[in-house]
Amino acid sequence: MANNVKISLRQFTVLIMFYTIGTTILVIPAPLAADAGQHAWIAAIVGWLLGLLVVVLYVSLGKLFPQMTFIAYIEHTFGKWLGKPISLFFIFFSFVTSSIVLYYIGNFMTTQIMPETPIGAFVILFAGIVLMGLRLGLEVLARTAEILFPWFLLLFTTLTLFLIPEIEIQKIRPIIEIGFKPVIRAALVFAGTASLPMVVFLMIYPMSLNEKKGAGKAFYTGTLIGGIFIIIITFLSVSILGAELSAKNMYPSYALSKKINVGNFIQRVEILMAGLWFLTIFFKATFYAYGFISGIAQVFGCKDYRPFVIPCGMIMIAFSLVVYPDVVYMSDFESTVYIPFVISAGLLLPLFVLITGLIRKRMMNNQGVESDDE
Amino acid sequence: MKDRDPFYYILQPDFVLMNRRVYKQTLVARPSYTLEIQRKEWMHMTNNHVQTEPLKDKLEDNLNKIRNELGGSDDIIIREIGFGKDRIAHAAVIYTDGLADTKLITDFILDSQTQGNHAEEIDHATDEDNLLDALKSLALNLGDHKEITDFAGLYSNLLSGNTVLLLDGFARGIAAGTQGWKGRSVSEPVAQSVVRGPQEGFTETLRTNTSMVRRKIKDPNLWLETMQIGKVTKTDVAIMYIKGIVNDKIVEEVRARLGRIDIDGILESGYIEELIQDEAYSPFPTVSNTERPDSVAAELLEGRVAILVDGTPFVLIVPTLFISFFQTAEDYYQRADISTLLRIIRFISLFIAMVGPALYIAITTFHQELLPTQLLISLAAQREGVPFPAFIEALMMEVTFEVLREAGIRMPRPIGQAVSIVGTLVIGQAAVEAGIVSASMVIVVSITAISSFVITGYSMAISIRMIRFVIMGLAAAFGIFGIVVAMIALVLHLCSLRSFGIPFMSPFAPFIPADHKDTIFRFPHWAQSTRPRLINQKNTTRELMSRPTKPEK
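About the cut-offs
- Residues numbered from 1 in each chain as written.
- Chains lettered and ligands numbered in written order.
- Predicted model: local features only at pLDDT ≥ 70, side-chain atom pairs only at ≥ 80, totals over all residues.
- Axes fitted to C-alpha atoms, helices over the stretch in contact; angles between N-to-C directions.
- Helix = DSSP H or I, 4+ residues; strand = E, 2+ residues; numbered from the N terminus.
- Parallel < 35°, antiparallel > 145°, perpendicular 65-115°, else oblique.
- Contact = placed C-beta atoms within 7 Å.
- Nonpolar A, V, L, I, M, F, W, Y, C, P; charged D, E, K, R; others polar.
- pLDDT = per-residue confidence, 0-100.
- Core = buried A, V, L, I, M, F, W, Y, C linked by C-beta atoms within 7 Å.
- Buried ≥ 20, exposed ≤ 12 C-beta atoms within 10 Å, placed from the backbone.
- Domains from an automatic or database assignment.
- Pairing = 2+ DSSP bridges.
- Expected span 1.5 Å × (residues − 1).
- Left-handed = near helix turned anticlockwise from the far one by under 90°.

Caption draft 1: View of the packing of helix α14 (residues 390–410) of chain B against helix α17 (residues 458–478) of chain B. Residues and elements named next belong to chain B. Interaxial distance between α14 and α17 falls to 10 Å at its minimum, and their mutual angle equals 170 degrees. Classified by the angle their axes make, α14 and α17 are roughly antiparallel. Residues Phe391, Ala394, Leu395 and Glu398 of α14 form the contact with α17, whose participating residues are Phe469, Met472 and Ala476. Broken down by class, the residue content of the contact of α14 with α17 amounts to 6 nonpolar, no polar and 1 charged.

Shown next as structure tokens:
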């Protein structure tokens, strides 16, 4: 379980932020615009606030079990026999999503940049660094995030600044005409891609943080900052590409960066901006895989998850090649199955654990009081 | 060149004497007795393979044994002499020719013997101890002396240039410090020259080097510990640190790691570096080296430990951070703003040296849309006659350049010039005209090469040269994606490194705001109030200075 590994709050915040942004930033404007039209950015703000509620849940779970990982407290609350299958569900969720992220990166590369290269090549290369990061451990990943963060910030600021001249305000008009239902639906999509997957951070929160005090604050800060980046991208996407084009594009923010044109000199720099996605997706994939691999190790009672990295990684790579047979299946899965799937793993499961944990704690306390009385 | 300096021989004896004085100070200045014991244990630990056979009573037996075991080597001089009025005390003076200062030996030992200064003492010496004391006082004329009781001590003294005095009838001897061989004199550092700043560099003699550091830091807390490493070479290795500033755990760790070394010979500090570094398999150096006494002094003041090895001017510094390889001594001698700018330029050079050719390959192969149209057309026109893909083209040029560079360094100087002319002609022009490479490729290779020279840490620059080829390969296969993946992998690896327990990438990761006073930015000296935090955790205050103020009216 590598209990001795500790990361600082600053590192945790950066990790949360990268994780919130990863993959979300690349795809989110499309489903948001499809549901909420020109109000996609408002939907993003609603989703962002909704995400905070999810974090409230995770933070209170962390307060209840400050010295355990998610897997450990599932077993603690449900007992060994019931706990293991429930843990396996969480592991299955991390496994599927980590393969999906690997598929994303491969799909993005093969459809947008290098159509002739087989998808396996990208997936294997990318999984290579993900596994390398996992083998080096949480501490190294946290430090890497700290180093890469300024680069991310630099690229993102450049992207935003260069895109500002392209904004056409009439594309987001009318603003007031807003339907409640589509926005909520879009906000759910937002929370499903950006906030709920953060359930895997329960594997390290707050056990692997060097300070327990302020850990919750770090969680909130990371989510908030990450959300701001996504809101900005969504806003740029609907105000530059328009709602319709954003919804039809598979990777709207990539299409967005193609619009950059500064003095007819800096143009078509989308591949440099793709660096943004690679960086953030790396952290997304790594922490999904972390949830999967360290989850497996803990379910089987192993102290260290590292020996599992290579074999589990191979399964992940193989699965990512078959997880979606084609893009149509992917968008179908995404719009129908994924949201309930992520809600059950990221919302219902922790909620269930929290409620059971609270009840058990109260019962224990009552028992304790009773025994004291006797 | 220095050997032919006419002043060299004149200066040499003075130099030796000066060093000895410094050495005595070192001995006096060492305040801790326990440290002495530690040092002895440690000496014992490193020398445990030497059998400690005690000296024999009869002088003749001793001398025969020495002659036998040293194989009658010509440079071992054994002079048998008689002491006292009637030459009753039979003694032998043993030294190694070339290592010991012959003039000193003749002046002090042989003169005093013939003049009989100590003759009476020796005559009156009745018992064993008195006689030996008399001999000691004789050796005192030479300065430093030690008593030896076994052959191991005798050999180590003899072969490090000391003179051994043996007296007939005693199973003990005296080693007098007469070290004085011909070494290179202090000269300008070759690899780390500066425009402004001290122009002296370390030499091959350990004692000279330690004295140069002491001249910079005149503080009793500057401690020096010496040990011998290498079963055969018995090389003197010294560690220096400032007690009270250094982190004691790091000193412990250095001691422990040096103590673990079990090797036949240490010929350069590079041996030590490889044997004590944290991560055995990494292209990046986690121990830095310098040949400048002022750099060593600055590092010691930051709480680091210097490892000086006899026989090389390159001193190791631990713990080392990634950022150390991008800082020079001169950064601190010139204005702060200029130093900051230069450091930024060094970082830009790092990126060019690492990904320059890779970016060229990626852009010309996969991402042509990045280039402005005119440039793209002219590039395409240049590459029209080139039969190779960009990767092969870049690989050819880079390899050629590396070959030329290696040739330029190894060749004797007059031929080196010829090589560079051939290189310029062949690579610069002929290759382009012959249509083997494009002109733009030549530009890329040149800028990469020049950038790699900008990185101040030479050992870092070579690892970057190496990594460049890997990134080129990834760029050829995956374009920018490959480069980004390579960079993430590189950052992951760099973040996993530690140097004597200190994270290699600090103060970037873990991010320490206070230490950014002297990383990429070099704050003015009055603003650098604290020492690096991870390296020394106590005594962090460097200075209490406020900004210089204008005179009040």
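So that's the structure; there's more coming.
Caption draft 2: Up close: the confidence of the model for chain A. Taken over all residues, the pLDDT of chain A has a mean of 86, while the share at 70 or more is 96%. When the elements of chain A are averaged for pLDDT, strand β2 (residues 266–267) of chain A gives the smallest value, 79, and helix α6 (residues 119–136) of chain A the largest, 93.

Caption draft 3: Main features of the nonpolar core. Phe190 of chain A together with Ile307 and Ile483 of chain B are the most contacted members of the largest nonpolar core, which totals 223 residues. Three or more residues apiece are contributed to this core by two domains, here domain 2 (206–320) and domain 3 (336–503) of chain B. In contact with Ile483 of chain B, other than residues within four places in its own chain, are Val355, Ala358, Leu359, Ala362, Ile471, Leu474 and Ala475 of chain B.

Caption draft 4: Looking closely at the pairing of strand β5 (residues 173–176) of chain B. All names here are of chain B. Residues Gly173 and Ala175 of β5 are buried on one face, and the alternating residues Ile174 and Ala176, pointing to the opposite face, are buried as well. Direction of pairing for strand β3 (residues 145–148) relative to β5: antiparallel, over a ladder of 4 bridges. Looking at the pairing, Lys146 lines up with Ala175 of β5. Strand direction decides the pairing type here: strand β4 (residues 163–167) and β5, joined by 4 bridges, are antiparallel. Looking at the pairing, Leu165 lines up with Ile174 of β5. In this antiparallel pair of consecutive strands, β4 and β5, the connection spans 5 residues, and Gly169 shows a positive phi of 95 degrees.

Caption draft 5: Seen up close, the interface of chain A and chain B. Listed as interface residues are 26 residues of chain A and, on the opposing side, 23 residues of chain B. Only α5 (70–113), α6, α7 (138–163) and α12 (270–299) of chain A provide two or more residues apiece to the side of chain A that touches chain B. Here the element with the most residues in the side of chain A that touches chain B is α6 of chain A; it accounts for 7 residues. Tallied by class, the residues present in the side of chain A that touches chain B amount to 18 nonpolar, 4 polar and 4 charged.

Caption draft 6: Representation of helix α18 (residues 480–496) of chain B. The end-to-end C-alpha distance of α18 of chain B is 24 Å, a good match for the 24 Å that 17 residues give at a rise of 1.5 Å each. Here α18 of chain B lies mainly inside the structure; 16 of its 17 residues are buried.

Caption draft 7: Layout of the packing of helix α12 (residues 336–365) of chain B against α14 of chain B. Residue and element names in this part refer to chain B. Following both chains from N to C, one finds α12 and α14 inclined at 160 degrees, their axes separated by 9 Å at the closest point. What the angle tells us is that α12 and α14 run roughly antiparallel. Viewed along their axes, α12 and α14 form a crossing whose handedness is right-handed. Residues Pro357, Tyr360, Ile361, Thr364 and Thr365 of α12 form the contact with α14, whose own contacting residues are Ala390, Phe391, Ala394 and Glu398. A breakdown of the residues in the contact of α12 with α14 according to their chemical character gives 6 nonpolar, 2 polar and 1 charged.

Caption draft 8: Broad picture of the sheet that holds strand β10 (residues 315–318) of chain B. All names here are of chain B. Taken together, 5 strands build an open sheet; the order of strands is β6-β7-β9-β10-β8 and the sheet is antiparallel. Of all strands in the sheet, those bounded by a partner on one side alone are β6 (222–229) and β8 (288–290). Each strand of the sheet is rotated relative to its neighbour by a mean of 25 degrees, with strand direction disregarded. Where β6 and strand β7 (residues 235–242) come together, 8 bridges link them in antiparallel fashion. Paired with Thr226 across the two strands is Ala238, which belongs to β7. Sheet contacts for helix α9 (residues 248–260): β6, β7, β9 (305–309) and β10; angle to β9, the most-contacted strand, approximately 25 degrees. Sheet strands touched by helix α11 (residues 293–301): β7, β8, β9 and β10. Its angle to β7, the strand with the most contacts, is close to 50 degrees.

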